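# Secondary and tertiary structure notes
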Amino acid sequence: MLTSPSSVPRLVVAAPSSGSGKTTVATGLMAAFAARGLAVSPHKVGPDYIDPGYHSLAAGRVGRNLDAYLCGPELVPALFLHGARGCDVAVVEGVMGMFDGAAGEGELASTAQVAKLLRAPVVLVVDASSQSRSVAALVHGFASWDPQVRIGGVILNKVASDRHEELLREALDAAGTPVLGVLRRTPQVDTPSRHLGLVPVAERRADAVEAVAAMAAQVARGCDLEALLALARGAGALSGTAWDPAGALSPAPPPLSVMSSGGSAAESRRRPVVALAGGPAFTFSYAEHAELLTAAGAEAVVFDPLRDGRLPDGTGGLVIGGGFPEVYAAELSANEPLRKAVAALAESGAPVAAECAGLLYLCRELDGLPMCGVLDARARMSERLTLGYRDAVAVSDSVLAPAGTRMRGHEFHRTVVEPGAGPVPAWGVRGPERRVEGFVQQGVHASYLHTHWAAEPGVARRFVERCRTS
């Protein structure tokens, strides 16, 4: 574990609002720096799962989230240092507008808060398509709102012409704000979206490779990469310790006794296989989850429910994260051998943890198509978007946590689950309203809430121990 102050060069890409071009600029910067032979550490502020997929493609290194709500502000620098080990530069893409965070929580989980926690300079991406001299007033407002946030320069996006660029530069020169890049309107870097945002890389890899290459070319052509690197190298020293999955699990409790079930000490120390759902239908996961499972003694094996007819050999536990099963409902339903294998695993009492898309997959049906039938519930698409951070408390003992455990989560879906009679809920949730949510059934914990296990590492340890004893 790192204990000395870190001087990893780093910068945060922020914007006045969503839709300004943060993802294009951040992803393009990552790819452009990587093309220069630099080891780039990619990060995303907030709970977004999709942008990190594009970041990974650009940097050739796993994209990681920095979420001050889900993990707490104190973990943000440690998780950053963990992801940035051995890198030459780190690029952090912000979320929404720079000062937008968890509703009603002040600066919590905002890009500005993360920039301050990382002592990182900010590059402000401004959509200049409908303004000229006013850009100076906009940038001045963002630069002066919080003196602890250091805006090191501006990248102007969607600039229409040479004359438009000239007017924008004149205004910002007068305001004393460096222009670090100018990007013209180029539809070739657009990426397709649907009901929950961008289409994930796993669903369009060939096209995504081309899109990332186009972003890199546009950024390299329109931005001063040397000036941006110099800005990143001017970040303040970041003291602290890098997060480490094994360290997060220490000190470990005594191993569970196996004598009552007739097991041996050797059996209690075996590395159980935990199957992790992946592929195009299940793209939402945090890298730290697999790392924690491995540190807790499991062998984490990824499989694809769209293509694999059975679970990995020796599977003793199953984790099904988020994604888009509604898009692939027909294919998931058609894979009957795997649906039966999942149902049999759950029936055996083995631990199964399912979040959002995983919850839908475990239902009897999704939009009228048969799913795994583990839960007595039916799921369907709806017109309503459910979105936001949630405070939750476990209301039932489960394979993830004992009753009373408090965690923070995030909901993001356009589906509704209609349960049968008398489900045992997983969480008591405080959001727009107080309610119970999810399912606890034998070894199954299924819920709409996305959680970050780095905030509560005991979740991984408890899950793996259940794998050993089920």
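Residues numbered from 1 in each chain as written. Predicted model: local features only at pLDDT ≥ 70, side-chain atom pairs only at ≥ 80, totals over all residues. Heavy atoms only, no water.

Per the stated rule, a full pass over the model turns up seven aromatic pairs. A centroid spacing of 4.3 Å and a plane angle of 25 degrees characterise the contact between Tyr69 and Tyr389, whose relative ring orientation is stacked. You can see Tyr69 sitting in the loop between strand E3 (64-66) and helix H3 (76-83) and its partner Tyr389 sitting in strand E16 (residues 377-394), a full 320 residues away along the chain. There is no split in this pair, since Tyr69 and Tyr389 are both buried. (Phe/Tyr/Trp six-rings, centres within 6.5 Å; stacked < 30°, edge-to-face > 60°. Helix = DSSP H or I, 4+ residues; strand = E, 2+ residues; numbered from the N terminus. Buried < 20%, exposed > 50% of the residue type's maximum accessible area, 1.4 Å probe, protein only.)

A complete count under the given rule lists 23 salt bridges for this structure. Between Arg184 and Asp162 there is a salt bridge, with the nearest N and O atoms lying 2.6 Å from each other. Placement of the pair is Arg184 in strand E7 (residues 179-184) and Asp162 in helix H6 (residues 162-175), with a sequence separation of 22 residues. Look at Arg184 and you get partly exposed, because its relative accessible area is 30%. According to the relative accessible area criterion, Asp162 is exposed, its value standing at 58%. Within the structure, one salt-bridge network assembled from shared partners comprises Asp162, Glu165, Arg169 and Arg184. (Salt bridge = Lys/Arg side-chain N within 4 Å of Asp/Glu carboxyl O.)

So, on to the side chain of Thr315. Tracing the sequence through the fold places Thr315 in strand E12 (residues 315-320). For Thr315, a relative accessible area of 16% gives the class buried. At a separation of 2.6 Å, a polar atom in the side chain of Thr315 contacts the main-chain carbonyl oxygen of Pro312. (Polar contact = N/O pair within 3.5 Å; in protein donor to acceptor, adjacent residues only side chain to side chain.)

Turning our eyes to something else, we now look at the environment of Tyr54. As for its position among the elements, Tyr54 is in helix H2 (residues 51-59). Separated by 100 residues in sequence, Tyr54 and Val154 have C-alpha atoms that sit 22 Å apart.

Our focus in this paragraph is the packing of helix H5 (residues 134-145) against H6. To describe two helices that pack against each other, one gives the angle between their axes and the distance between the axes. Relative orientation of the contacting elements H5 and H6 amounts to 40 degrees, with a least axis distance of 8 Å. On the basis of their axis angle, the class for H5 and H6 is oblique. Helix-helix and strand crossings are classified by hand; for H5 and H6 the assignment is right-handed. Within the contact between the two elements, H5 uses Val135, Ala136 and Val139 and H6 uses Leu168, Ala171, Leu172 and Ala175. (Axes fitted to C-alpha atoms, helices over the stretch in contact; angles between N-to-C directions. Parallel < 35°, antiparallel > 145°, perpendicular 65-115°, else oblique. Left-handed = near helix turned anticlockwise from the far one by under 90°. Contact = heavy atoms within 4.5 Å.)

This brings us to the sheet that holds E3. Taken together, seven strands build an open sheet; the order of strands is E3-E2-E4-E1-E5-E6-E7 and the sheet is parallel. Sheet topology places E3 and E7 at the edges, where each strand pairs with a single neighbour. Taking the axes of each pair of neighbouring strands and ignoring which way they run, one obtains an average angle of 25 degrees across the sheet. Taken together, the three bridges between strand E1 (residues 10-14) and strand E5 (residues 122-127) define a ladder with parallel strand orientation. Its bridge partner lying in E5, Val12 is registered against Val122. In the packing of H5 onto the sheet, contacts are made with E5 and strand E6 (151-159), and the angle to E5 comes to roughly 145 degrees. (Pairing = 2+ DSSP bridges.)

As a further point, take the state of the cysteines. Scanning all chains against the criterion turns up zero disulfides. For Cys467, which is in no disulfide, the shortest distance to another cysteine sulfur is to Cys372 and amounts to 17 Å. (Disulfide = S-S within 2.5 Å.)

Interpretation of this model should avoid reading the predicted coordinates in detail wherever pLDDT is low. Looking at the protein as a whole, the pLDDT averages 91, with 92% of positions reaching at least 70. For residues 1-5, every residue scores under 50 in pLDDT, and the model assigns this stretch 14 contacts once sequence neighbours within four places are set aside. pLDDT under 50 marks residues 254-268. Its contacts with residues more than four places away, or in other chains, come to eight contacts. (pLDDT = per-residue confidence, 0-100.)

All right, on to the nonpolar core then. Judged by nonpolar contacts, the single largest core of 113 residues is most densely connected at Phe80, Leu156 and Leu293. Looking at which element gives the most residues to this core, the answer is helix H1 (residues 22-35), with seven residues. When sequence neighbours within four positions are dropped, the list of residues in contact with Phe80 reads Val8, Arg10, His43, Leu66, Ala90, Val92, Leu118 and Leu238. Counting residues in each nonpolar core, the second largest holds 38 residues, with Phe282, Leu345, Ala346 and Leu362 among its members. (Core = buried A, V, L, I, M, F, W, Y, C linked by side-chain atoms within 4.5 Å.)

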